[in-house]
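# Residue-level structural notes
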Amino acid sequence: MKKVLVAMKAGHLILAERACGRDGYSCPGCHEPVILRRGRHKIAHFAHRPGSHCQLGEGETPEHLLGKRQLLQWYQQQGRRVELEVYLPQINQRPDLLLTDGNRRVAIEFQCSPLSLQRLLERNAGYRRCGIHYHWLLGAPYQKRHLQAAKVAQFTQEVGGAPALFFWDTRAGRLLVKRDLACCSFIRHSILGPRAIARYQMQRLNALQYGRGQHPTAILQLVADLPKHCPLAACPLVCHDIVPSWPTLDEPVILWRIQVVKVLMNQPLFHYWSDEDWQAWVGGITGAHWLGYGCLDASGMHCRLIAAFTADLLSWRVLLACPGGYLLFKYLQWFANVQEKLNLLNRGGLS
Ligand SMILES: [Zn+2]
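Description of the structure in this document. (Residues numbered from 1 in each chain as written. Predicted model: local features only at pLDDT ≥ 70, side-chain atom pairs only at ≥ 80, totals over all residues. Heavy atoms only, no water.)

It is worth spelling out the side chain of threonine 170 at this point. Turning to its location among the elements, threonine 170 is positioned in the loop between strand S12 (162-169) and strand S13 (174-178). On the basis of relative accessibility, which here comes to 14%, the residue threonine 170 falls in the buried class. The contacts of threonine 170, once residues within four sequence positions are left out, are Glu63, Leu66, Gly67, Gln70 and Phe110. (Helix = DSSP H or I, 4+ residues; strand = E, 2+ residues; numbered from the N terminus. Buried < 20%, exposed > 50% of the residue type's maximum accessible area, 1.4 Å probe, protein only. Contact = heavy atoms within 4.5 Å.)

Right, dumping it as structure tokens:
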């Protein structure tokens, strides 16, 4: 049954929980009659007749209805001017809530159902055309322990210049801001030191290369191009991403770094890249799948990851900074074997 929280009666918009009398309501979207429903265990709402073709109440879940109602109250308690389910005819969109603050309007979307990146981009583009800012809050289906990197990227927004995800928890009726989703390759929420991270990443590279099971295509490509009997785990230490980064690539960052280092070793020494060329060159390395962002500028996020790696390459003196760009200064060798690398780590390498 298609449900809405707001209906029209005698030319006025009425919130379901404040409505009295069962009849006389119509849907502000399709203008068909809707019926007030409420009970002890459900959120007051208006229901369309069975078989309705209205798009307004499409896919409404109890969580979505509850969340919208909670958010309305939550913003009202903060003294904000807020409206529910406002239809914006020029873009044919209806944000869950619309905040108005002087000239600034913000669409609040409470997302509980699957939404493709493409649809998200279209919705946000619509808001931008109307000069409306947007803010996405995620519901329970997104609050799982291991949300896919692609979904994290899709809904990433910024607070104070740092990436974050926003959730609305309908059970507690409160906002959650998650900023701790940065991770190192294969490791989440690590309290390990750099050497332990590198050792663990070596184990996982080994398992990827020699273990059974499905290999990501990126790794197959990497392995195919490596000299025979050359373990990925024996890659130069600069390849290890020991500082957590926000999900930006569809594969572990270490695979991208290995790929870059491998291709770098085929460049002539003292090759020069302008800053811009370097960004494009590293960003365009084949086999890397950059994640798409739906709510902020993707290139800014990509630049962060590239900048972190560039800083490491500079500190290992693989690159030298020179005016306006970088020089390839040193070739890095693969370790002869994994044990040699472990020995170096045990002696305190990678500090
Ligand atoms: Zn309708």
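Here we take up the environment of alanine 218. Topologically, alanine 218 is positioned in helix H5 (residues 217-225). Residue classification places alanine 218 among the buried positions, given a relative accessible area of 12%. The spatial distance from the C-alpha of alanine 218 to the C-alpha of isoleucine 191 is 28 Å, given a sequence separation of 27 residues. With sequence-adjacent residues up to four places away left out, alanine 218 is seen in contact with Glu251 and Gly287.

Before going further, it helps to examine the packing of helix H4 (residues 194-210) against helix H9 (residues 338-346). Each pair of packed helices gets described by two things: the angle between the helix axes and the distance between those axes. Relative to each other, H4 and H9 sit at 165 degrees, their axes nearing to 10 Å. One element, H4, and the other, H9, form an angle in the roughly antiparallel class. Here the hand of the crossing between H4 and H9 comes out left-handed. On H9, the residues that touch Arg195, Ala198, Arg199 and Met202 of H4 are Val338, Lys341, Leu342, Leu345 and Asn346. Of the residues belonging to the contact of H4 with H9, the class tally is five nonpolar, one polar and three charged. (Axes fitted to C-alpha atoms, helices over the stretch in contact; angles between N-to-C directions. Parallel < 35°, antiparallel > 145°, perpendicular 65-115°, else oblique. Left-handed = near helix turned anticlockwise from the far one by under 90°. Nonpolar A, V, L, I, M, F, W, Y, C, P; charged D, E, K, R; others polar.)

This next bit is on the packing of helix H6 (residues 253-264) against helix H7 (residues 275-283). One can describe the packing of H6 onto H7 by two numbers: an axis separation of 10 Å at closest approach and a directional angle of 115 degrees. Packed against H6, whose contacting residues are Trp256, Val260, Val263 and Leu264, the element H7 presents Trp278, Trp281 and Val282 at the interface. Class assignment for the residues of the contact of H6 with H7 results in seven nonpolar, no polar and no charged.

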